[in-house]
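Commentary on secondary and tertiary structure
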Amino acid sequence: MLHATSCGGLVIFRGKILVLYKNYRSRYEGWVLPKGTVEEGESYEETALREVREESGAKAVIEKFIGTSRYSFSVPEGEVEKEVHWFLMKSGNYYSKPQWEEYFIDSGYYKYHEAYHLLKFANERQILEKGFSMYLEMKKAGLWVPAERNT
C-alpha cells in the first residue's frame, strides 16, 4: 500500500468559506477545499498555507488545527492511503484566483450551507462542520479577530 500526506485549509472571511471547483477532463469534477502534498522539509502548517495560496491565490493565516481526515483510493500503482491535516484559517478579503495549472476553474467564498452542499466529498463536509463550529465558538468568545486586509 502507498501512503500520502497532504495539508489543507478551511479559509473563512466574514463568515464565508473558500471552495474551489476542479475539472480534470470531465473525469474529476467537483467543489473541494484547498489542500496539497507536503514537500520535503515543510511543516504541516507551511504546507497548508502554501497550498491554499497556490491553489486559490488567497493569503490566509492559521488560527487552529481542525483535525485529520483519512481515506484511500486506487491508482495504477496500487492502493493509496491518504492522510490530510486540516487547519482553520482566515483571510483578509474575498480574493481568490483558481490555479488553472491544477485544473481549478472556479473559486469563491460561500455561506456555510452553500459550501456544505457544494463540497463533493463527505470527509471535507465533516471538516467543514467541525471547523465552522470552531470558528463560531471563537467568534462568540471574541477570539476571532479579522485578518489584516492585505493578508
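Refer to the preceding data block for the structure.
Structure report, in brief.

Definitions and limits used
- Residue positions are given per chain, counted from 1 along the sequence in the order it is written.
- Owing to the predicted nature of the model, reporting of local features is limited to residues with pLDDT of at least 70; listing and counting of side-chain atom pairs is limited to 80 or more, with chain, interface and lining totals taken over all residues.
- Side-chain metrics in this entry use all non-hydrogen atoms of the structure; hydrogen atoms and water are not considered.
- Helix and strand labels come from DSSP, where a helix needs a run of H or I of at least four residues and a strand needs a run of E of at least two; each type is numbered from the N terminus.
- Each helix should span, by expectation, one fewer than its residue count multiplied by 1.5 Å.
- For each residue, the accessible area found with a 1.4 Å probe, counting protein chains only, is set against the maximum for its type, and the residue is called buried under 20%, exposed over 50%, and partly exposed in between.
- This arc corresponds to the set of directions leading from the helix axis out to the C-beta atoms.
- By convention in these notes, a salt bridge is any Lys or Arg side-chain nitrogen within 4 Å of a carboxyl oxygen on Asp or Glu.
- Two strands make a pair as long as DSSP finds a minimum of two bridges between them.

Turning next to helix α3 (residues 122–140). Taking 1.5 Å of rise per residue, 19 residues should cover 27 Å, and α3 covers 27 Å from first to last C-alpha, within 8% of that figure. Buried within α3 we find N123, E124, I127, L128, G131, F132, M134, Y135 and M138. For α3, the angular spread of buried residues about the axis comes to 160 degrees, placing them on one side. Structural note: α3 exposes Q126, E137 and K140 on the side pointing more than 90 degrees away from its buried face.

Let us now look at the pattern of salt bridges. Applying the stated criterion to the full structure yields seven salt bridges. Across the pair E39 and R50 runs a salt bridge whose closest N-O atoms are separated by 3.5 Å. Of the two residues, E39 sits in the loop between β4 (35–37) and α1 (44–56) while R50 sits in helix α1, which places them eleven residues apart along the sequence. For E39, a relative accessible area of 43% gives the class partly exposed.

Quick look at the pairing of strand β6 (residues 78–91) now. Burial of β6 is extensive: ten of the 14 residues sit out of reach of the surface. Examined bridge by bridge, strand β1 (residues 2–13) and β6 share eleven bridges and lie parallel to one another. Directly across from A4, in β6, lies its bridge partner K82. Inspection of the sheet shows strand β5 (residues 60–75) paired to β6 by 14 bridges, in the antiparallel sense.

Geometry only, nothing functional implied.
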